[in-house]
Every structure is written in structure tokens, then in C-alpha cells.
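Remarks on the overall topology
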Amino acid sequence: MSPFQALEDLVATLRSPTGCPWDQEQTPRSLRPYLIEEAHEVIHAIDSGDSDALRDELGDLLFQVLLLAEIAKEMGSFDIDDVCTGIREKMIERHPHVFDPDHKPEADPGSIAAWEARKAQKRPKNQSMLDGLPASLPALLTAHRVGEKVSRVGFDWPDIAGVRSKFAEETAVLDEAIAENDSSAIAHEYGDLLLSMANLGRFLGVAPEDCLREANARFASRFRTVENLAKESDDSLHEMTLEELESLWDKAKELE
């Protein structure tokens, strides 16, 4: 028996009448938060560079997938074999440059544009190319993916200079809204500015969601150092001036 089959059997046992009460009562909807949590823990393990942690977190995520497939099997919908068969067929279809010897050569077969073009061939005529984006995606990641998708039909800037110009334009419009103290306009224009920043990430070849997550981690790490430096000096952050806090911040950056 393969390790995969053994794990599949374990999940079935947990769901059986003699299994675990918690696993028995789960539904696809109840598993949603756990699936999201496990996916984020996989990302955290990737960012940490810890291969042992990544192995463990991939296992936790795989367990959620198998549990969902087992529930679907009990409902008579599909099983994990159907899941594997479906994704295998989809990947073969989406990679004709790898698996189809008669495929007409493409300029950049591994690009996002080529991938989206192959997806479009199977999309119903009345369906938008944006319909496949789940509403639960983080907003910054959604902005990045929307830009990737619409660029496939040429709705994009020709170069990074155009994106930077758009960013400057949105900044100026936001400044106007701030000057007018119009809270509704400020929220609107700030959103447009964030969207232009996400598009800038595409042209820079970086993922905005990843960059912001890493920036958050850097800030948190530095601020914890600031807290520790203050404790070493028996100082209270609440009683320090902004200049004193900035001095500790600079020391924290130096210690990195």
C-alpha cells in the first residue's frame, strides 16, 4: 500500500461510525476556515525556508483535501481518484506545448498570457475571464491577478513608464480628495492608488501580496527589537517621544 493510499484509508476510518466524532461531523462548509489556515501555514513554511516545516504543513493541507474528497464520496459526488484524474487531464490540456506533439509552437508557451488563452478556449461565451477569481482571495492578490488576466487581451500599459505615470496620476487625484476632506472620495481614490501599485508589481516582476507580507514581517521584527531595546533601558514606549522611538528604530535596523 502506498503512503497516499494509507492516508486515504485513515481519513475514511476517521469518518466511519467508529471513527472520530470531530471528523464525522465535518462538512465542506465547516472545513473552510481550516483549509484557509493550512494554506497560509504552508506559505509561512515556504517563507521561513524550513523544509521540515514545509513537509509537515503540506501534510496538513493534504489531509484537508482528502477529508473534503471523502465527504464528497459519501455524498456520491466524487472521490479522490476523480480529483486526481480531473487535475491530470486539465494540466495535460493546459500544457499542449509539453504533451501534444502536434501542437503549433507558441512564442512564449510558459507565459501567463498563453495559459489564459488556453483557459479561454474552454470558457463559455457568456462568461467573463474574471469569473474564475474567487471572492475570498486577498484584495491585493486579486488586483494582481485581474491585471494579469486583462493584459492577455492587450488591456494594459505598453511599458513600466505608463504604470508609473498612472501611479502619479492617482496620487495627485488622492491629494485633491484629501485637500477637499471628502471621505468618500478619499476611500475611492486610495483604492485606485492601491490598484495601480498592484499593477506596478506585475511590471517589476514581483508579487505585491508576497512583497507586502514580507514588509509586514520586517516591520514586526524591527518593532519587537525596538520593544526589547526599550526594556533593556527600562524605558516605556508609551512615555517616549517620537524622536526617541525613531532612534530605537534606526538601531533596530542596524542590528539586522
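First, a word on scope: everything that follows refers to the structure included in this document. Owing to the predicted nature of the structure, the values given are computational and were not obtained by experimental measurement. (Residues numbered from 1 in each chain as written. Predicted model: local features only at pLDDT ≥ 70, side-chain atom pairs only at ≥ 80, totals over all residues. Heavy atoms only, no water.)

Turning our eyes to something else, we now look at the packing of aromatic side chains. Enumeration over the complete set of coordinates arrives at 3 aromatic pairs. Look at Phe219 and Phe223: their rings are 6.3 Å apart centre to centre, the planes differ by 5°, and that puts the pair in the stacked class. Here Phe219 pairs with Phe223, and both are found in helix H11 (residues 208-232), just 4 residues apart, close to one helical turn. Under the relative-accessibility criterion, Phe223 is labelled partly exposed at 34%. With a centroid separation of 5.0 Å and 45° between ring planes, the pair formed by Phe219 and Trp249 is classed as tilted. Here Trp249 lies in helix H12 (residues 242-255) and Phe219 lies in helix H11, a separation of 30 residues in the sequence. Grouped by ring-pair contacts, the aromatic residues Phe219, Phe223 and Trp249 constitute a single cluster. (Phe/Tyr/Trp six-rings, centres within 6.5 Å; stacked < 30°, edge-to-face > 60°. Helix = DSSP H or I, 4+ residues; strand = E, 2+ residues; numbered from the N terminus. Buried < 20%, exposed > 50% of the residue type's maximum accessible area, 1.4 Å probe, protein only.)

What follows concerns the packing of helix H8 (residues 139-151) against helix H10 (residues 183-204). Viewed as axis vectors pointing N to C, H8 and H10 meet at an angle of 60°, and their least axial separation amounts to 9 Å. Comparing their axes, H10 and H8 come out oblique. Pair H8 / H10 crosses with right-handed handedness. Contacts between H8 and H10 involve Leu140, Ala143, His144, Gly147, Glu148 and Ser151 from the first element and Leu195, Ala198, Asn199 and Arg202 from the second. When grouped by side-chain class, the residues that make up the contact of H8 with H10 number 4 nonpolar, 4 polar and 2 charged. (Axes fitted to C-alpha atoms, helices over the stretch in contact; angles between N-to-C directions. Parallel < 35°, antiparallel > 145°, perpendicular 65-115°, else oblique. Left-handed = near helix turned anticlockwise from the far one by under 90°. Contact = heavy atoms within 4.5 Å. Nonpolar A, V, L, I, M, F, W, Y, C, P; charged D, E, K, R; others polar.)

For Asn181, which is not glycine, the phi torsion reads 55° and is therefore positive. The phi torsion at Asp234 lies on the positive side, around 55°, for a residue other than glycine. For Asp234, the position within the fold is in the loop between H11 and H12.

A word on helix H9 (residues 160-179). Over its 20 residues, H9 runs 29 Å from end to end, which matches the ideal 28 Å to within 8%, given 1.5 Å per residue. Listed in full, the buried residues belonging to H9 are Gly162, Val163, Glu170, Leu174 and Ala177. Viewed end-on, H9 has its buried residues packed into an arc of 115°, placing them on one side of the element. Opposite the buried face of H9, at more than 90 degrees from it, the exposed residues are Arg164 and Ala179. Buried residues in H9 make contact with H10. A side-chain oxygen of the first residue of H9 lies 3.1 Å from the backbone nitrogen of Ala161; this N-cap is Asp159. (Expected span 1.5 Å × (residues − 1). Arc of directions from axis to C-beta. Polar contact = N/O pair within 3.5 Å; in protein donor to acceptor, adjacent residues only side chain to side chain.)

With their axes 9 Å apart at the nearest point, H9 and H10 run at an angle of 165° to one another. Considering their axes alone, H9 and H10 lie roughly antiparallel with respect to each other. Helix-helix and strand crossings are classified by hand; for H9 and H10 the assignment is left-handed. Residues Ile160, Val163, Arg164, Lys166, Phe167, Glu170, Thr171, Val173, Leu174, Ala177 and Ile178 of H9 touch H10, and the partners they reach there are Ala185, Ile186, Glu189, Tyr190, Asp192, Leu193, Ser196, Met197, Asn199, Leu200, Phe203 and Leu204. Its residues assigned to classes, the contact of H9 with H10 comprises 15 nonpolar, 3 polar and 5 charged.

A few words on the pattern of salt bridges. Overall, the coordinates contain 10 salt bridges when judged by the stated rule. Where Glu148 meets Arg145, a salt bridge forms, and the shortest distance between an N and an O atom there is 2.5 Å. Separated by 3 residues within a single helix, Glu148 and Arg145 lie in helix H8, roughly one turn from each other. Its relative accessible area of 16% is what places Glu148 among the buried residues. If you follow the salt bridges from partner to partner, you end up with Asp47, Asp210 and Arg213 in one network. (Salt bridge = Lys/Arg side-chain N within 4 Å of Asp/Glu carboxyl O.)

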